Amino acid sequence: MNDDRLHDAFKELRRAETAHVPSFKRLWDVEPALSRLRSRLRVGSTFAFAVVLLIVLAVAIIPRRPAAPSISTWRAPTDFLLQTPGRELLDSVPDLKGTRQ
Amino acid sequence: MQQEELERLHPASYAWALSCCRRDRSEAEEVLQDVYVKILEGKARFDGRSSLKTWLFAVIRRTAASRARRRSVRDLLLAKWAREQVVVRQVEYSDVAAILLTALQNLARRQREVLELVFYHDLTIEEAAIALNLSIGSARVHYQRGKKQLLAQLNGKLDR
């Protein structure tokens, strides 16, 4: 393998790559403003897409809080402390006639 | 700078843009269009300190690199599935060209760039150094090491 063979191989590569060169006019004649607009639109749409994607991911990933219990069914976790011995006596009015005899 | 001069260099510019864009034809066209827009808008000015071709190649390389940076940020933002939707248009190569390309892709980026500028685009090592914003000494080292590795990789493969 020598330099000439290397040059030939590069020539072949150049031939393949320059066989379909886009026309100069097509690339040159683009209006700068149009190009800027296109570039901004591309950046804007990418950003918007990224934001939407982040929102969707956030909604899908962040765990939901359990629903708050209704106030009518809520019970304090320390309620059992009020269950003292003889508490049922306090739930009703004492029968004084019965105790007199 | 004359439009005719740029038109004369257009095929070489496109080929260099292809090289800077990993042989993606669509991306190379976009890069070249961006370069022409920069020139039209006066953001890139030829000051005559090097040859027009060397200067143009340096602008193409910088533009391709900055687009690649933007693209990598975009790819980070987008999910992998969205990235896979991008269709890469590539050139069809002969066997010899494909073998050479594979060997080139195994080289370090700087070595590949210097060798392509010298062997493909017929620049001198000094001109390649300017286009790549390197010192001449570094460009020479990249050239020698890259060529040695390339020849070792191609040894016997192209003679079939």
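**Notes on the overall build of chain A**
Part 1 of the argument: Scanning chain A from N- to C-terminus turns up five helices and zero strands.
Part 2 of the argument: Its helices and strands taken in sequence order, chain A reads α-α-α-α-α from the N to the C terminus.
Part 3 of the argument: Roughly 8,600 Å² of accessible area belongs to chain A as shown, and the carbon and sulfur atoms make up 63% of that amount.

**A word on the interface of chain A and chain B**
Part 1 of the argument: Listed as interface residues are 31 residues of chain A and, on the opposing side, 49 residues of chain B.
Part 2 of the argument: Taken over both partners, the interface formed by chain A and chain B buries close to 3,900 Å², and the fraction arising from carbon and sulfur atoms is 67%.
Part 3 of the argument: At the junction of chain A with chain B, the criterion picks out five salt bridges.
Part 4 of the argument: Residue Arg14(A) is joined to Asp122(B) by a salt bridge in which the shortest nitrogen-to-oxygen separation is 3.4 Å.
Part 5 of the argument: The interface formed by chain A and chain B contains eleven residue pairs in polar contact (both at pLDDT 80 or more).
Part 6 of the argument: Mapped onto the side of chain A that touches chain B, the elements with two or more residues apiece are helix H1 (3–17), helix H2 (24–28) and helix H3 (32–61) of chain A.
Part 7 of the argument: Classifying every residue of the side of chain A that touches chain B by side-chain character gives 16 nonpolar, six polar and nine charged.

**Structural notes on the pattern of salt bridges**
For side chains of opposite charge, pairing can occur when their charged atoms come near one another.
Residues and elements named next belong to chain B.
Part 1 of the argument: All chains considered together, the criterion is met by 19 salt bridges over all chains.
Part 2 of the argument: With a shortest N-O distance of 3.1 Å, Arg71 and Glu27 are connected by a salt bridge. Residue Arg71 is located in helix H3 (residues 52–77), and its partner Glu27 is located in helix H2 (residues 25–41); the two are separated by 44 residues in the primary sequence.
Part 3 of the argument: The exposure class of Arg71 is partly exposed, given its relative accessible area of 29%.
Part 4 of the argument: A salt bridge links Asp34 to Arg67; the nearest nitrogen and oxygen atoms lie 2.9 Å apart. Of this pair, Asp34 sits in helix H2 while Arg67 sits in helix H3, placing them 33 residues apart in sequence.
Part 5 of the argument: Taking the relative accessible area as the measure of exposure, Asp34 reaches 15% and is therefore buried.

**A word on the packing of aromatic side chains**
Part 1 of the argument: Per the stated rule, a full pass over the model turns up seven aromatic pairs over all chains.
Part 2 of the argument: On the basis of an interplanar angle of 20 degrees and a centroid distance of 5.4 Å, the ring pair of Phe24(A) and Trp28(A) is categorised as stacked. Here Trp28(A) and Phe24(A) lie together in helix H2, a separation of four residues that amounts to about one turn. Per residue, the accessibility class of Phe24(A) equals that of Trp28(A), and both read buried.
Part 3 of the argument: Each ring, one from Phe46(B) and one from Trp55(B), has its centre 5.5 Å from the other, and the planes form 55 degrees; the classification is tilted.

**Re the nonpolar core**
Part 1 of the argument: In this structure, Phe10(A), Ile39(B), Ile60(B), Leu100(B) and Leu150(B) are the most contacted members of the largest nonpolar core, which totals 55 residues.
Part 2 of the argument: Both domain 1 (3–79) and domain 2 (106–154) of chain B contribute no fewer than three residues apiece to this core.
Part 3 of the argument: For Ile60(B), the contacting residues outside a window of four places in its chain are Ser13(B), Trp16(B), Ala17(B), Val31(B), Leu32(B) and Val35(B).

**Here we look at the confidence of the model for chain B**
Part 1 of the argument: Of the residues in chain B, 90% reach a pLDDT of 70 or more, and the chain-wide mean stands at 87.
Part 2 of the argument: Per the prediction output, this complex has pTM 0.67; the corresponding ipTM is 0.80.

**Points about the packing of H1(A) against helix H6 (residues 109–120) of chain B**
Two numbers describe a pair of packed helices, the interaxial angle and the distance between the axes.
Part 1 of the argument: For the pair H1(A) and H6(B), the least separation of the axes is 9 Å and the interaxial angle reads 90 degrees. As judged from the angle between their axes, H1(A) and H6(B) are roughly perpendicular. Together, Asp3(A), Leu6(A), His7(A), Phe10(A), Leu13(A), Arg14(A) and Glu17(A) of H1(A) and Leu115(B), Glu116(B), Phe119(B) and Tyr120(B) of H6(B) make up the contact between the two elements.
Part 2 of the argument: A per-class count over the contact of H1(A) with H6(B) returns six nonpolar, one polar and four charged.

**As for the packing of H1(A) against helix H5 (residues 95–105) of chain B**
Part 1 of the argument: Running from N to C, H1(A) and H5(B) point in directions that differ by 105 degrees, and their axes come no closer than 8 Å. Judged on the interaxial angle alone, H5(B) and H1(A) are roughly perpendicular. Between H1(A), through Arg5(A), Leu6(A), Ala9(A), Phe10(A), Glu12(A) and Leu13(A), and H5(B), the contact on the second element is made entirely by Val96(B), Ala97(B), Leu100(B), Leu101(B) and Leu104(B).
Part 2 of the argument: Residue composition of the contact of H1(A) with H5(B), by class: nine nonpolar, no polar and two charged.

Rules and cut-offs
Residues numbered from 1 in each chain as written. Chains lettered and ligands numbered in written order. Predicted model: local features only at pLDDT ≥ 70, side-chain atom pairs only at ≥ 80, totals over all residues. Heavy atoms only, no water. Helix = DSSP H or I, 4+ residues; strand = E, 2+ residues; numbered from the N terminus. Areas by Shrake-Rupley, 256 points an atom, 1.4 Å probe, with all protein chains shown as cover. Contact = heavy atoms within 4.5 Å. Buried area = accessible area lost by both parts, 1.4 Å probe. Salt bridge = Lys/Arg side-chain N within 4 Å of Asp/Glu carboxyl O. Polar contact = N/O pair within 3.5 Å; in protein donor to acceptor, adjacent residues only side chain to side chain. Nonpolar A, V, L, I, M, F, W, Y, C, P; charged D, E, K, R; others polar. Buried < 20%, exposed > 50% of the residue type's maximum accessible area, 1.4 Å probe, protein only. Phe/Tyr/Trp six-rings, centres within 6.5 Å; stacked < 30°, edge-to-face > 60°. Core = buried A, V, L, I, M, F, W, Y, C linked by side-chain atoms within 4.5 Å. Domains from an automatic or database assignment. pLDDT = per-residue confidence, 0-100. Axes fitted to C-alpha atoms, helices over the stretch in contact; angles between N-to-C directions. Parallel < 35°, antiparallel > 145°, perpendicular 65-115°, else oblique.

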